[in-house]
Amino acid sequence: MENSAEKRQAIYDKIKESSKQEYILSEMKRLGFWNDESVDFESVNKFFKEERELSKKLQKLLKDKKIIEDPEAFIAKKHKERKIASKIKQKETKERREKERLEKASKWKESKEKDIIYLGENYSHQLNNKTSNLENLKLHNLPVLNTALDVAHAMKMSIGELRFLSFSRKNANISHYKRFQIPKKTGGYRLISAPMPRLKYAQTWILEEILNKIEIHEKANGCVVGKSIKTNAIPHIKKDVVINQDLKNFFPTVTYNRIKGVFTSFGYSDQVATIFALICSEPKIVDISLLGKDYYAQQGTRFLPQGSPCSPAITNVICRKLDFRLNGLAKKYGFDYTRYVDDITFSGTQKQYENINKILKYSRHIVKDENFNLHPEKLRIMKRNNRQEVTGIVVNEKANIPKKSLKRFRALLFQIEKDGIVDKYWNKNGNVLAQIDGFANYIYQIDKEKGIKYKQRVALILAKYNYKEEHKKIYVKAKSIEKAGFFQKIISFFRK
């Protein structure tokens, strides 16, 4: 029975594959009722095939006719067809989008390893240009860098690290700077932003490999290799009149666009210049505590921080035209001119007294024309019969430390030698041993003969109190900042 049923099923399957007539014809041919010579089986098969196709079409037409005559069945069929088509399309769309997502994720991962395409709002659109001006770079003997990857390789860090240091976050729970205040000599406080180690490394690389290779004006003395506050003061020794002016809010005046413009002028692409400008700048930060966590919120545009190794060097580049114009003004009216970061000094003989007003008037116009401002309360005109100072150095007869500061320093050393270091300070904050060591070195820098005596006295005190390397941290940090480009007035806490 089972074999009979299987045979019948096999016959039904063959009929389904072709048609009943075709199956009968093939079986009759197989059983020998006809042979190939007596019957044109090719024509017969063609006939049956056409008949089968026509039969199928007829069946479909009859079925469609029946459906049309029954509107509800017709609508149900169309709805079913649309539902099936929709599911197929949804599946295809889902597969296509998943494929696109994976491709996009793969490209994004690859680009993150080789490129920087986003550094925060308002800065990322500047990353598309990756072609530097090779002629300009070679002219200044600067490293050839076209892309973020070039910068990362040059700094010996990953793209991820470079992105982390240059990314501009409106709100963050980390900060690349340690901010603190130091008292100003004229009153109030100055905000210092000391870069954290990783950022300081990047800024120092920019300073040494790029900024220090750029020629600046000969009258600029602040944070220039081979120059100091002493070289800034020497041209004004024994002058009948010394004029000191101060640039107001000097570093904050140098905003992000001006910083980027410096690197673009060297020949660097927009992408490289943007990265350098972000690394060398900071925004105003507001500290916020929320649910036991500290956040740092940005406010306003980015600018040069006071404390970065790069800041003074960048201002020296930006001020080249300012120095050229002010020096030309000084020469025109018989004066000498120097600049130490934000301190501008003119000096002349008695013959130039009549030109003082012209110097003041035209220097104010030049400074404003160069997008800076003079501090109206810090103008000082010092004649020969009064004490004349240039960046804290007395210049009446020779470069010298103010007598008041030396007297106070001698008194402090005497008190320490007599009573010890408890409750003694040169400044109110900091390690007194580090401070006296620093001020003794400062005296030696200005006047070696006096400096040797004070250094000897200070050395005995340091030895007595076992002043080891760990006790020098404050001093070493301050000196390293000074060497890297932190203008001299910040070291005033050693000199008060």
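This is a predicted model, so every value here is computed, not measured.

Another point: the confidence of the model for the chain. Per-residue confidence for the chain gives a mean pLDDT of 84; residues scoring 70 or more make up 85%. By mean pLDDT, helix α20 (residues 492-495) is the weakest element of the chain at 38, and helix α14 (residues 320-332) is the strongest at 97. Confidence drops under a pLDDT of 50 for residues 469-496, and excluding neighbours within four residues, the segment shows 70 contacts in the predicted structure.

Next up on the list: helix α13 (residues 311-318). A large share of α13 lies buried, amounting to eight of its eight residues. All of the buried residues in α13 are Ser311, Pro312, Ala313, Ile314, Thr315, Asn316, Val317 and Ile318. Taken together, the buried residues of α13 touch α8 (197-209), α10 (250-253), α11 (256-266), α14 and β7 (336-340).

Here the focus is the environment of Val432. Checked against the element boundaries, Val432 lands in helix α17 (residues 432-446). Val432 sits in the buried class, given a relative accessible area of 8%. For the pair formed by Val432 and Ile421, sequence separation is 11 residues and the distance between their alpha carbons is 7.5 Å. Leaving out residues up to four positions away in the same chain, Val432 has contacts with Ile416, Ile421, Lys424, Tyr425 and Trp426.

This brings us to the pattern of salt bridges. Pairing between side chains of opposite charge can happen when the charged atoms of each approach one another. Under the definition given, this model contains 15 salt bridges. Between Arg96 and Glu100 there is a salt bridge, with the nearest N and O atoms lying 3.4 Å from each other. Note that Arg96 and Glu100 are positioned in helix α4 (residues 71-114) at a spacing of four residues, about one turn of the helix. For Arg96, a relative accessible area of 43% puts it in the partly exposed group. Judged by its relative accessible area of 40%, Glu100 falls in the partly exposed class. Bridged by salt links that share partners, the residues Arg325, Asp369 and Glu370 form one connected network.

In this section: the nonpolar core. With 97 residues, the main nonpolar core has Phe263 and Phe276 as its most contacted residues. Of the residues forming this core, the biggest block, nine residues, is contributed by α17. In this view, Phe276 contacts Leu145, Val151, Met155, Trp205, Ile206, Ile210, Phe263 and Tyr268; residues no more than four positions away in its chain are not counted.

So, on to the packing of helix α16 (residues 403-419) against helix α18 (residues 448-464). Across the interface, α16 lies against α18 with an axial gap of 11 Å and an inter-helix angle of 30 degrees. Between α16 and α18, the interaxial angle falls into the category roughly parallel. As for how α16 packs across α18, the hand of that crossing is left-handed. Of the residues in α18, those touching α16 at Leu406, Phe409, Arg410, Leu413, Phe414, Ile416 and Glu417 are Lys450, Tyr454, Arg457, Val458, Ile461 and Lys464. Here the contact of α16 with α18 is composed, by residue class, of eight nonpolar, no polar and five charged.

Mapped onto the secondary structure, Arg302 falls in strand β6 (residues 293-303). Here Arg302 is buried and forms no salt bridge, its nearest opposite-charge partner Glu282 lying at an N-O distance of 7.3 Å. Engagement of the side chain of Arg302 in a polar contact is seen with the side chain of Ser168, the distance being 3.4 Å. Once residues within four sequence positions are removed from consideration, Arg302 is found in contact with Tyr123, Ser168, Thr255, Tyr256, Leu278, Ser281, Glu282 and Pro283.

Definitions and limits used
- Residues numbered from 1 in each chain as written.
- Predicted model: local features only at pLDDT ≥ 70, side-chain atom pairs only at ≥ 80, totals over all residues.
- Heavy atoms only, no water.
- pLDDT = per-residue confidence, 0-100.
- Helix = DSSP H or I, 4+ residues; strand = E, 2+ residues; numbered from the N terminus.
- Contact = heavy atoms within 4.5 Å.
- Buried < 20%, exposed > 50% of the residue type's maximum accessible area, 1.4 Å probe, protein only.
- Salt bridge = Lys/Arg side-chain N within 4 Å of Asp/Glu carboxyl O.
- Core = buried A, V, L, I, M, F, W, Y, C linked by side-chain atoms within 4.5 Å.
- Axes fitted to C-alpha atoms, helices over the stretch in contact; angles between N-to-C directions.
- Parallel < 35°, antiparallel > 145°, perpendicular 65-115°, else oblique.
- Left-handed = near helix turned anticlockwise from the far one by under 90°.
- Nonpolar A, V, L, I, M, F, W, Y, C, P; charged D, E, K, R; others polar.
- Lys, Arg positive; Asp, Glu negative; His and termini not counted.
- Polar contact = N/O pair within 3.5 Å; in protein donor to acceptor, adjacent residues only side chain to side chain.

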